[in-house]
Amino acid sequence: MIVLRRLLQGVKDLRINLWAQLLTLAAVTLIAFLGGLFLLLLHNFNAELMRVRGDVLFQVYWEPGHNLSEIKKQWEGFTSLPNLMDVQTYTPSEAIDALSKSLDNDLHLNWKQSESPLPATALLSFAPPSAREGKNGEAETMVWTKEMLDYLQALPGVQSVRYNPMRTELSGAWSKLSRNLLWPLVGFLLIVLALVVGNTIKLSQLFRRDEIEILRIVGAREWYINLPLIAGGTAQGFLGAVLALGMLKIVQISLENVLNFPPYFFRLAFLPFSQVLLLAGVLTGVGMLASFVAVKR
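Residues numbered from 1 in each chain as written. Predicted model: local features only at pLDDT ≥ 70, side-chain atom pairs only at ≥ 80, totals over all residues. Heavy atoms only, no water.

- The protein carries the name Cell division protein FtsX in an unreviewed UniProt entry, which gives Oceanidesulfovibrio marinus as its organism.
- Reading the Subcellular location (unreviewed entry) entry of the UniProt record for the protein gives the comment "Cell membrane".
- UniProt's Sequence similarities (unreviewed entry) comment on the protein is quoted here verbatim: "Belongs to the ABC-4 integral membrane protein family. FtsX subfamily." (UniProt positions renumbered as here; feature names shortened; annotations may be inferred.)

Right, here's the structure in full:
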């Protein structure tokens, strides 16, 4: 019971030198938020490139005014193409509607379906056999891509076909980079975050140095002195992590669909639960360790 009381006393003591404690909490939260924001962007960038690893994306545009029923028959035939991963199609009216949603709210595109200046469009995502099986078959993939490009360009009414030949190479390069650099970089970021947060909390605890000296003079045991200070630092680290994660969630919700429109279809996702626990655990542990070091000195 005495231990529990001392732990609770440490949390209550955060009201002492309230402004100093609030500034410390603000510093911890800001540092954690910036570190978490970097992890959020890194996680989404890595997830997006891993999602399209080895894929080849074709954008097919038909001539404006071409018979829509004939185009839709071609769209139905796409589902039987080998190695097809995903297909997304847009009629002229659907294309203008998607474009309108991606523009500023003050801009309105009020074309009717028959007046839409945009062509019928299809986005086809393929996973060539060599890429799907993980082989080093870049040449085989390029041959397959050329054959598929010729097939799509030969379809009746097709005006143009676009694709990015660097897509597969970029994904492969990022895969190697993530294995060799990504996780060491994340580890380095966590170390820097721990050092900055720990030093901030340690400086805050030094304001109570006189109180610690008085308790030692009157014969208080070390654990009796240390427990409240360690509990206070731990609470600051945990609260800073919670506030930073809350700010990250607000940012993620605000920017979730900023790029969620053709041809990007990128949706900003929040950190996975494992990384949320890692960030919260690191900050809480750093708060505890920094407080322990501060009282020992």
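Okay, back to it.
**Here we look at the overall build of the protein**
Right, so step 1: On a plain count of helices and strands, the protein comes out with 10 helices and 4 strands.
Right, so step 2: Carbon and sulfur atoms make up 63% of the accessible area of the protein, which totals about 17,400 Å². (Helix = DSSP H or I, 4+ residues; strand = E, 2+ residues; numbered from the N terminus. Areas by Shrake-Rupley, 256 points an atom, 1.4 Å probe, with all protein chains shown as cover.)

**As for the packing of aromatic side chains**
Between two aromatic rings, the relevant description is the distance of the centres plus the angle of the planes.
Right, so step 1: For the structure shown, the criterion picks out 4 aromatic pairs.
Right, so step 2: Aromatic pair Trp62 and Phe78: ring centres 6.4 Å apart, planes at 40°, arrangement tilted. Residue Trp62 is located in strand β1 (residues 56-62), and its partner Phe78 is located in helix α3 (residues 68-78); the two are separated by 16 residues in the primary sequence. Note on accessibility: Trp62 and Phe78 belong to one class, buried. (Phe/Tyr/Trp six-rings, centres within 6.5 Å; stacked < 30°, edge-to-face > 60°. Buried < 20%, exposed > 50% of the residue type's maximum accessible area, 1.4 Å probe, protein only.)

**Here we look at the pattern of salt bridges**
Right, so step 1: One pass over the full model with this rule turns up 1 salt bridge.
Right, so step 2: As a salt-bridge pair, Asp150 and Lys146 come within 2.9 Å of each other at their nearest N and O atoms. You can see Asp150 and its partner Lys146 sitting in helix α6 (residues 138-153), 4 residues apart, about one turn around the helix.
Right, so step 3: For Asp150, a relative accessible area of 36% corresponds to the partly exposed category. (Salt bridge = Lys/Arg side-chain N within 4 Å of Asp/Glu carboxyl O.)

**Examining the side chain of Thr121**
Right, so step 1: Tracing the backbone through its elements, the reader meets Thr121 in strand β3 (residues 121-126).
Right, so step 2: Here the side chain of Thr121 touches Pro119 through a polar contact of 3.1 Å, landing on its backbone oxygen.
Right, so step 3: Non-local contacts of Thr121, meaning those with residues more than four positions away in its chain, are made with Val60, Tyr61, Trp62, Trp75, Gln88, Thr89 and Tyr90. (Polar contact = N/O pair within 3.5 Å; in protein donor to acceptor, adjacent residues only side chain to side chain. Contact = heavy atoms within 4.5 Å.)

**Looking at the pairing of β3**
Right, so step 1: Most of β3 is tucked away: 6 of the 6 residues are buried.
Right, so step 2: What you see with β3 is no split at all: Thr121, Leu123 and Ser125 on one side and Ala122, Leu124 and Phe126 on the other are buried throughout.
Right, so step 3: Bridging between β1 and β3 involves 6 bridges; their strand directions are antiparallel. Within β3, the position partnered with Val60 by the bridge is Ala122.
Right, so step 4: One ladder, built from 6 bridges, connects strand β2 (residues 84-90) with β3; its direction is antiparallel. If you follow Val87 over to β3, its bridge partner there is Leu124. (Pairing = 2+ DSSP bridges.)

**Some thoughts on the nonpolar core**
Right, so step 1: Formed by 19 residues in total, the largest nonpolar core has its most connected members in Phe58, Val60, Trp62, Phe78 and Leu152.
Right, so step 2: Once residues lying within four places of it in the same chain are set aside, the contact partners of Phe58 are Ala122, Leu123, Leu124, Phe126, Trp144, Thr145, Met148, Leu149, Leu152, Val161, Arg162 and Tyr163.
Right, so step 3: Leu40, Ala241, Leu248 and Leu268 belong to the second largest nonpolar core, which has 15 residues in total. (Core = buried A, V, L, I, M, F, W, Y, C linked by side-chain atoms within 4.5 Å.)

**Overview of the UniProt feature "transmembrane region" (unreviewed entry) in the protein**
Right, so step 1: As recorded in UniProt, the sites labelled "transmembrane region" (unreviewed entry) are residues 20-42, 181-202, 223-248 and 268-295.
Right, so step 2: The distance from the first to the last C-alpha atom of residues 223-248 is 37 Å, and the span holds 100% helix and 0% strand.

**Observations concerning unusual backbone geometry**
Right, so step 1: Its identity is not glycine, yet Asn83 carries a phi of approximately 70°, on the positive side.
Right, so step 2: Position of Asn83 among the secondary structure elements: in the loop between α3 and β2.
Right, so step 3: Classification of Asn83 as buried rests on a relative accessible area of 19%.

**As for a nonpolar patch on the surface**
Right, so step 1: Taken together, Phe238, Leu239, Val242 and Leu243 make up a surface patch of nonpolar side chains, about 340 Å² in accessible area.
Right, so step 2: Turning to its location among the elements, Leu239 is positioned in helix α9 (residues 222-255).
Right, so step 3: The partly exposed category is assigned to Leu239, whose relative accessible area is 38%. (Patch = residues over 30% accessible without salt bridge, like charges linked within 9 Å, V, L, I, M, F, W, Y side chains within 5 Å.)

**Description of the packing of helix α8 (residues 209-217) against α9**
Between two packed helices, both the angle of their axes relative to each other and the distance between the axes serve to describe the pair.
Right, so step 1: One way to put it is that α8 packs onto α9 with a least axis distance of 10 Å and a crossing angle of 160°. Classified by the angle between their axes, α8 and α9 sit roughly antiparallel to one another. Crossing angle aside, the handedness with which α8 passes α9 is right-handed. Contacts between α8 and α9 involve Ile212, Leu215 and Arg216 from the first element and Glu222, Ile225 and Leu229 from the second.
Right, so step 2: Tallied by class, residues from the contact of α8 with α9 come to 4 nonpolar, no polar and 2 charged. (Axes fitted to C-alpha atoms, helices over the stretch in contact; angles between N-to-C directions. Parallel < 35°, antiparallel > 145°, perpendicular 65-115°, else oblique. Left-handed = near helix turned anticlockwise from the far one by under 90°. Nonpolar A, V, L, I, M, F, W, Y, C, P; charged D, E, K, R; others polar.)

**What about the sheet that holds β3?**
Right, so step 1: Spatial strand order, β2-β3-β1-β4: 4 strands in an open sheet with antiparallel pairing. Edge strands, defined here as strands with exactly one partner in the open sheet, are β2 and β4 (158-163). The mean angle between the axes of side-by-side strands here comes to 15°, regardless of whether they run parallel or antiparallel.

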